[in-house]
Amino acid sequence: MSLAPRVVLVHRRTELDELLARHGTRGQAEFFLRTRGRDLAEVTEADAALRAALKTASAAIPLDWRRGEVERADLDRFLFTPEDVVVVVGQDGLIANVAKYLDGQPVIGVTPGRPGVLVKHPPAAVAELVRATGDVERRTMAELTADDGQRLLALNEIYLGHAGHQTARYRLGVGGGPLERQASSGILVGTGTGATGWCGSVWRERHSGLRLPGPGEARLVWFVREAWPSPSTGTEHTEGELTGTPLTVEVESDRLVAFGDGLETDMVALTRGQTATFVPAAKTVHLVR
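Below is a short write-up of the structure. Everything numeric in this text was worked out from a predicted model, so none of it was measured.

A few points about the pattern of salt bridges
Inspection of the entire model under this criterion finds 23 salt bridges. The partner of Glu-18 in a salt bridge is Arg-12, with the nearest N and O atoms 3.2 Å apart. Classification of Glu-18 by relative accessible area gives partly exposed; the value is 26%. When the shortest N-O distance is used, the salt bridge between Arg-66 and Glu-83 registers 2.8 Å. With Arg-66 in strand S2 (residues 66-71) and Glu-83 in the loop between S2 and strand S3 (84-89), this pair connects stretches of sequence that are 17 residues apart. Owing to a relative accessible area of 29%, Glu-83 belongs among the partly exposed residues under this scheme. Through salt bridges that share partners, Arg-171, Arg-181, Glu-250 and Glu-252 make up one connected network.

Thoughts on the nonpolar core
It is characteristic of soluble globular proteins that their nonpolar side chains tend to be buried jointly. With 25 residues, the main nonpolar core has Leu-144, Ile-158, Leu-160, Ile-187, Val-189, Leu-247 and Phe-278 as its most contacted residues. For Val-189, the contacting residues outside a window of four places in its chain are Ala-142, Asn-156, Glu-157, Ile-158, Cys-199, Leu-220, Val-221, Trp-222, Leu-242, Leu-247 and Phe-278. Counting residues in each nonpolar core, the second largest holds 22 residues, with Val-10, Ala-96, Val-98 and Leu-155 among its members.

A closer look at the sheet that holds strand S7 (residues 157-161)
A sheet is described by the order of its strands in space; here six strands give the open sequence S12-S11-S10-S7-S14-S15, paired in antiparallel fashion. The sheet terminates laterally at strand S12 (239-242) and strand S15 (267-271), the two strands that pair on one side only. Taking the axes of each pair of neighbouring strands and ignoring which way they run, one obtains an average angle of 15 degrees across the sheet. Bridge count for strand S11 (residues 220-224) against S12 is four bridges, and the pairing is antiparallel. Residue pairing across strands places Val-221 opposite Glu-241, the latter belonging to S12.

Points about the packing of aromatic side chains
The geometry of an aromatic ring pair is captured by the separation of the ring centres together with the interplanar angle, meaning the angle of the planes. Counted under the stated rule, the structure contains three aromatic pairs. For the ring pair Phe-78 and Phe-80, a centre distance of 4.9 Å and an interplane angle of 65 degrees mean the geometry is edge-to-face. Under the relative-accessibility criterion, Phe-78 is labelled partly exposed at 22%. Residue classification places Phe-80 among the buried positions, given a relative accessible area of 9%. With 5.6 Å between their ring centres and 20 degrees between their planes, Tyr-159 and Trp-198 make a pair best called stacked. In this pair, Tyr-159 sits in strand S7 while Trp-198 sits in helix H6 (residues 198-205), placing the two residues 39 residues apart along the sequence. The exposure class of Trp-198 is partly exposed, given its relative accessible area of 30%. Through a chain of ring-to-ring contacts, three or more aromatic side chains come together here, namely Tyr-159, Trp-198 and Phe-259.

Quick look at the pairing of strand S1 (residues 6-11)
Counted residue by residue, S1 has six buried out of six residues, so it is predominantly covered. Side chains Arg-6, Val-8 and Val-10 project from S1 onto one buried face, and the interleaved Val-7, Leu-9 and His-11 project onto a second face that is buried too. Where S1 and S2 come together, six bridges link them in parallel fashion. Within the sheet, the bridge partner assigned to Val-7 lies in S2 and is Arg-67. In the sheet, S1 pairs with S3 via five bridges, with the strands oriented parallel.

A few points about the pairing of strand S5 (residues 136-146)
Among the eleven residues of S5, nine are classified as buried, and the element is accordingly described as predominantly covered. The sheet contact formed by S5 and strand S6 (residues 151-154) spans four bridges and is antiparallel. Bridged to Glu-143 within S6 is Leu-153.

Thoughts on the side chain of Glu-137
Relative to the helices and strands, Glu-137 is located in strand S5. At 3.3 Å, the side chain of Glu-137 and the side chain of Arg-139 are in polar contact. When residues no more than four places from it in sequence are discounted, the contact partners of Glu-137 are Lys-120, Pro-215, Val-285, His-286, Leu-287 and Arg-289.

Conventions we followed
- Residues numbered from 1 in each chain as written.
- Predicted model: local features only at pLDDT ≥ 70, side-chain atom pairs only at ≥ 80, totals over all residues.
- Heavy atoms only, no water.
- Salt bridge = Lys/Arg side-chain N within 4 Å of Asp/Glu carboxyl O.
- Buried < 20%, exposed > 50% of the residue type's maximum accessible area, 1.4 Å probe, protein only.
- Helix = DSSP H or I, 4+ residues; strand = E, 2+ residues; numbered from the N terminus.
- Core = buried A, V, L, I, M, F, W, Y, C linked by side-chain atoms within 4.5 Å.
- Contact = heavy atoms within 4.5 Å.
- Pairing = 2+ DSSP bridges.
- Axes fitted to C-alpha atoms, helices over the stretch in contact; angles between N-to-C directions.
- Phe/Tyr/Trp six-rings, centres within 6.5 Å; stacked < 30°, edge-to-face > 60°.
- Polar contact = N/O pair within 3.5 Å; in protein donor to acceptor, adjacent residues only side chain to side chain.

Functional significance is not addressed by these values, which are geometric in nature.
Quick look at the structure:
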């Protein structure tokens, strides 16, 4: 007898939760917000909206199915199983946070307020969607692999650079071509999903002629941020795309770090002499339409 499917609700602590944890009482939290020109009411309303969405989504899980729940801070300790249906309740970034822990499970993005790019379903739609997870949109991820076996996946983008955002020194090459020694503010490698975020911002700012990838394309784009020339460093290779050939980076700083989707606490550390390669990941995220 096969196991019944399991629905896993994913959420994160609300701003109200974080304020109370930091300041102790609602009164102190309210005072803190007032000093910044904000009102506790807006934070309370957002908290209530998320809790209502979670309650509706939870009530929509079939009674004969299993269920689980995990907060964003505990994702690295939660074991997802192949038969899971993942229901993410929150903002777009929460889907990016959970994506690297999944391997083909359908993901339903539920918004407690206005629809986002990834969380576009109202809580009332969960009852129908958990039973109809065959219609999915596959979204490409970016992958970094270090020569010591460290691996990093991201749905939006991976940043490689100095931990303090100071000068990063490395040699960069594409597809086995010659390596160029560079000094810059770091390297950004992004997906079609990330094209609406950080990578899109860089692309617009420099008026790049690259064509940004679509969400499901197995193609990445990369940008070197603020590269500068010197007698020993070049600026010839500062952007490009990745499909069948990797982007290779040989570290020449004492220490560089890489992190995905803005989560600096979940990083890969690389020391002088190490090599990292970037490619489109073989694993994709399956978003229920």
